[in-house]
Amino acid sequence: ISISYSPSFPIPNSAVMQKDLLCRLKVAVLLSASCSFTGALGLYLTGVSTNRLQYRSGAVIGDWGFRVSGQNSSMPPGDNFFNYVSGTYIDKLKIPGDHSTWGQFDILNELTQKQVHDLLENEKHAGTNVGKFYESYMDVDRLETLDVAPLQPTLNLIASINDSADFATMAAQEPVGFLPSPFSFGIGADDRHPDRYCVMIDQGGLGLPQQYYSDPQFAQKKAAYRNHIAVMLRLARWPDPEDASRKVLALEDSIAAVSWTPAQMRDPVALYNPMTLQELQTAASGFDWMTLFRVAGLEHLPANVSLIVQAKSAVISIAKIIGATNYTVLRAWAAFHTVSSASNSLSSRFENATFEFFGKTLEGEEKQSDRWKRGVAKVNAYMGEAVGKSYVTRYFPEKNKRAMEDLTTQLKHAFKLRLESNAWLSTKSKAKALVKLQKMDIQVGYPKKFKNYEDLVVDESDLFGNVERALAFSWKFEVSRLGKAVDKDEWEMLPHEINAYNMPNFNQIVFPAGILQPPFFDPAADMAVNFGGIGVVIGHEMSHGFDDEGRLYDENGRLNNWWSDEDTKKFQELSDAYGDQFAKFMQGIPAGSHINSNLTLGESIADLGGLNIALAAYHNWIQSADSTRGEKNDTRYFLGFGQVWAEKVREDAMRNQLVSDPHPPAIARVNVPTSNMQEWYATFGVEDTSENFRDASARVVIW
């Protein structure tokens, strides 16, 4: 559960493709975002605790941390606060050809890429494994010479599939190479027993977001996808690619029809379905689960390891579809997804074909990112923590970490006070909520220990092999943890990502080093802007522990409903009312589309909570003993908040985001929560004639 949205770029089924494209998009599009912007971290952070910081000149953005020239002063704040804050700036923004969106996260991401690029060039010259991995991707001549040859043995294996055991054997190898599986499976903390690991099985098999298969607004994209399947099969010299592409798409149509929607996948209770392997084999008999578990190294699970089936009805139905599908079609499906997965580890004709569809057709991008950027993404995907370790050593001094930790303490205290004064939560549930907040683990900057890649064999002349070995290395590590206590100090993000996340089954929030830079945080700026930037991010992640998903986990991270029925009813009423505001919000939304409030509710609640908590923390900071802080300036607080979300998005990317991403569009993340805050109305003199005015009785406060 993160502050910023996952790339709207649709991710093909294979785990390797997902890792590669996700990382490329963190670098080239926007995840959330992760320079030689050496000043952003090292130059401007003084190490002075924020409880003694005061405004002084020298801010990175403007005179006091805000881009005044970017405001649209002709726009009444109550009509469109997003545009009022940054309308002039946004009008002048031009989305680069290799991006589908362009805003603050993307810009910081570009800067971080340049920093990482410098690090990788140094690693390459030093001959380290990280440098060798990067060099293997940058050796274009060798990749062109090899062309499809590295993938041919894998394609030959697919061509030999003739029965259910063969197909399951192939699917079992998905975590260790480029082969696909119609189901996702992996290892993670058990939601009911978060101190031990479990094996998780979930739906899979699709190359597009689920709604693209049935929603008429995506009919042209779906047709283009069918053509893309044929293109990739043709590149692999697969027999009769045109006919095969139609049958593969028909198979995925069937899978999409029985798959759970992204909104349904947000229910952790519905996703928790313990089964034995034999029970799974009986219920989903169209697929050979016994063979998959044996080949994947999961045949003999320790006694304390559970098998959790997530989208259970979908898994059962997909298995039935697989069992009824001709092996000619299954082989073609596997071949297509394998070529897609391997495409950016092969020659340019494969990589270009993948971009033509996933980048250009689906997202509206005009060109691929530079080769070195894709190389940075490649290394991030497979040796990311080694990169992160070098990054924080060079760009993230300890004083930065201390400054951020001090801010998290202030936000946690402000949240505690708000919980204590909460008007709708019962005394019993309030006491439990306070315990959960008090026990919330906060980690800043980088993990307590970095992954060790010493045993990973890296060859600067073998990109394809490097990726396969890296995946096998990672899977071996995952399997080795079964039966052991969960390591809650392992991170789900890299230190140099510009993002943050809440891990509900750890009761933990994490803030990577990359996010501690302007416009989120700059000690040379007015602290009102910092509280509106990084302060809201901190409050956002804390609030996730109490959103519609996070509230179902207790103080120890266990999936355990600790709420009374009456409190649950009140929460549901408030969250329904708030979600309805997003469902009806249309500013900046493409014609024919809308925000799915069931999908975005968690992020929406976290945004509102973060904005309220950070404002309270700012007021506490102003009112504390130090008289040098001056008067509070809520105007600058709200401007700092709005500035963070200034961006442009291509229409195709926006439509994709609206059906597949749990984060609402940026304009909604600014205009909806502010319209629920009395302080915003008072600060900007918003009256009942304003477009986004909300009657006091309709304003929602949850946390």
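These numbers come from a predicted model, not from an experiment.

## Notes on the overall build of the protein
Moving on, step 1. Helices and strands together make up the secondary structure of the protein, namely 26 helices and 9 strands.
Moving on, step 2. Against the 2.2 N^0.38 benchmark of 27 Å for 703 residues, the protein shows a C-alpha radius of gyration of 25 Å, consistent with a compact globule.

## With respect to the sheet that holds strand β7 (residues 501-503)
Moving on, step 1. Pairing is mixed in the open sheet, where 3 strands are placed in the order β6-β8-β7. Whereas interior strands pair on both sides, the edge strands pair on one side only; in this sheet they are β6 (441-445) and β7. Neighbour to neighbour, the strand axes of the sheet diverge by 20 degrees on average, direction disregarded.
Moving on, step 2. Of the pairings in the sheet, the one linking β7 to strand β8 (residues 508-512) comprises 3 bridges and is antiparallel in character. Residue Y501 lies in a different strand from β8, and its bridge partner there is V510.
Moving on, step 3. Lying over the sheet, helix α17 (residues 398-420) contacts β6 and β8, oriented at roughly 150 degrees with respect to β6.

## Description of the nonpolar core
General note: in soluble globular proteins, nonpolar side chains tend to be found buried as a group.
Moving on, step 1. By size, the foremost hydrophobic cluster in this structure holds 196 residues, and its most contacted members are F287, W289, Y637 and W703.
Moving on, step 2. Of the residues forming this core, the biggest block, 12 residues, is contributed by helix α22 (residues 597-623).
Moving on, step 3. Discounting residues that sit within four places of it in the chain, W289 has contacts with F183, I201, L277, L280, Q281, A284 and V315.
Moving on, step 4. By size, the runner-up hydrophobic cluster in this structure holds 6 residues, among which are C198, L552, Y553 and L559.

## Observations regarding the side chain of K436
Moving on, step 1. Mapped onto the elements, K436 comes out in helix α18 (residues 427-439).
Moving on, step 2. Residues within four places of K436 in sequence aside, it is in contact with N507, G545, F546, G550, R551, Y553, D554, E555 and W562.

## A word on helix α19 (residues 463-480)
Moving on, step 1. Under the 1.5 Å per step criterion, the end-to-end length of α19 is 26 Å for 18 residues, consistent within 8% with the ideal 26 Å.
Moving on, step 2. Buried within α19 we find L463, F464, G465, N466, V467, A470, L471, W475 and E478.

## Some thoughts on the pattern of salt bridges
Moving on, step 1. In total, this model carries 29 salt bridges according to the counting rule given.
Moving on, step 2. R371 is the partner of E351 in a salt bridge, and the nearest nitrogen-oxygen pair spans 3.0 Å. Here E351 is found in helix α15 (residues 348-363), whereas its partner R371 is found in helix α16 (residues 371-395), with 20 residues between them in sequence.
Moving on, step 3. A relative accessible area of 6% places E351 in the buried class.

## A closer look at the packing of aromatic side chains
Moving on, step 1. Counting across every chain of the model gives 41 aromatic pairs.
Moving on, step 2. With 5.2 Å between their ring centres and 45 degrees between their planes, Y391 and Y395 make a pair best called tilted. Of the two residues, Y391 and Y395 are both situated in helix α16; the distance of 4 residues between them amounts to about one turn of the helix. With respect to class, Y391 is no different from Y395; both count as buried.
Moving on, step 3. The aromatic ring of F546 is capped on one face by K436, whose charged end is 5.2 Å from the ring centroid.
Moving on, step 4. Across from the ring centre of Y681, 3.6 Å away, lies the NZ or CZ of R699, which sits over that ring.

## Regarding the packing of helix α23 (residues 634-644) against helix α25 (residues 666-674)
Moving on, step 1. Where α23 meets α25, the axes come as close as 9 Å, and the angle between the chain directions of the two elements is 150 degrees. The orientation of α23 with respect to α25, classified from their angle, is roughly antiparallel. Taking contact as the criterion, the partners of F638, F641 and G642 in α23 are, on α25, R669, V670 and T674.
Moving on, step 2. Each residue belonging to the contact of α23 with α25 can be placed in one class, and the counts come to 3 nonpolar, 2 polar and 1 charged.

## Considering the pairing of strand β3 (residues 193-203)
Moving on, step 1. In this sheet, β3 lies alongside strand β2 (residues 183-190) in antiparallel orientation, the contact comprising 8 bridges. Residue pairing in the sheet places I187 in a bridge with V199 of β3.
Moving on, step 2. Between the antiparallel neighbours β2 and β3 lie 2 residues.
Moving on, step 3. Sheet analysis places β3 next to strand β5 (residues 306-309), joined by 4 bridges and oriented parallel. Bridged to M200 within β5 is I308.

## So, a negative patch on the surface
Moving on, step 1. Together, D565, E566, E573 and D576 make up a negatively charged patch on the protein surface.
Moving on, step 2. With respect to the helices and strands, the residue D565 is situated in helix α21 (residues 565-583).

## Thoughts on the packing of helix α10 (residues 241-258) against helix α14 (residues 327-342)
Moving on, step 1. Relative to each other, α10 and α14 sit at 90 degrees, their axes nearing to 9 Å. The angle between the axes of α10 and α14 places the two elements in the roughly perpendicular class. Note on element contacts: α14 touches α10 through V329, L330, A332, W333, F336 and H337, opposite A244, K247, V248, L251 and E252.
Moving on, step 2. Partitioned by chemical class, the residues of the contact of α10 with α14 number 8 nonpolar, 1 polar and 2 charged.

## Some points on the sheet that holds β5
Moving on, step 1. Judged by pairing direction, the sheet is mixed, and its 4 strands sit side by side in the order β2-β3-β5-β4 without closing on themselves. Only two strands of the sheet have a single partner each, and these edge strands are β2 and β4 (273-275). Averaged over neighbouring strand pairs, the angle between their axes works out to 35 degrees when direction is ignored.
Moving on, step 2. Bridge count between β4 and β5: 3 bridges; the pairing is antiparallel. When the bridges of β5 are listed, M275 appears paired with L307.
Moving on, step 3. In the packing of helix α13 (residues 312-323) onto the sheet, contacts are made with β2, β3, β4 and β5, and the angle to β3 comes to roughly 40 degrees.

Cut-offs and rules
Residues numbered from 1 in each chain as written. Predicted model: local features only at pLDDT ≥ 70, side-chain atom pairs only at ≥ 80, totals over all residues. Heavy atoms only, no water. Helix = DSSP H or I, 4+ residues; strand = E, 2+ residues; numbered from the N terminus. Rg over C-alpha atoms; globule rule 2.2 N^0.38 Å. Pairing = 2+ DSSP bridges. Axes fitted to C-alpha atoms, helices over the stretch in contact; angles between N-to-C directions. Contact = heavy atoms within 4.5 Å. Core = buried A, V, L, I, M, F, W, Y, C linked by side-chain atoms within 4.5 Å. Buried < 20%, exposed > 50% of the residue type's maximum accessible area, 1.4 Å probe, protein only. Expected span 1.5 Å × (residues − 1). Salt bridge = Lys/Arg side-chain N within 4 Å of Asp/Glu carboxyl O. Phe/Tyr/Trp six-rings, centres within 6.5 Å; stacked < 30°, edge-to-face > 60°. Lys NZ or Arg CZ within 6 Å of the ring centre and 35° of its normal. Parallel < 35°, antiparallel > 145°, perpendicular 65-115°, else oblique. Nonpolar A, V, L, I, M, F, W, Y, C, P; charged D, E, K, R; others polar. Patch = residues over 30% accessible without salt bridge, like charges linked within 9 Å, V, L, I, M, F, W, Y side chains within 5 Å. Areas by Shrake-Rupley, 256 points an atom, 1.4 Å probe, with all protein chains shown as cover. Lys, Arg positive; Asp, Glu negative; His and termini not counted. Charge placed at Lys NZ, Arg CZ, Asp CG, Glu CD.

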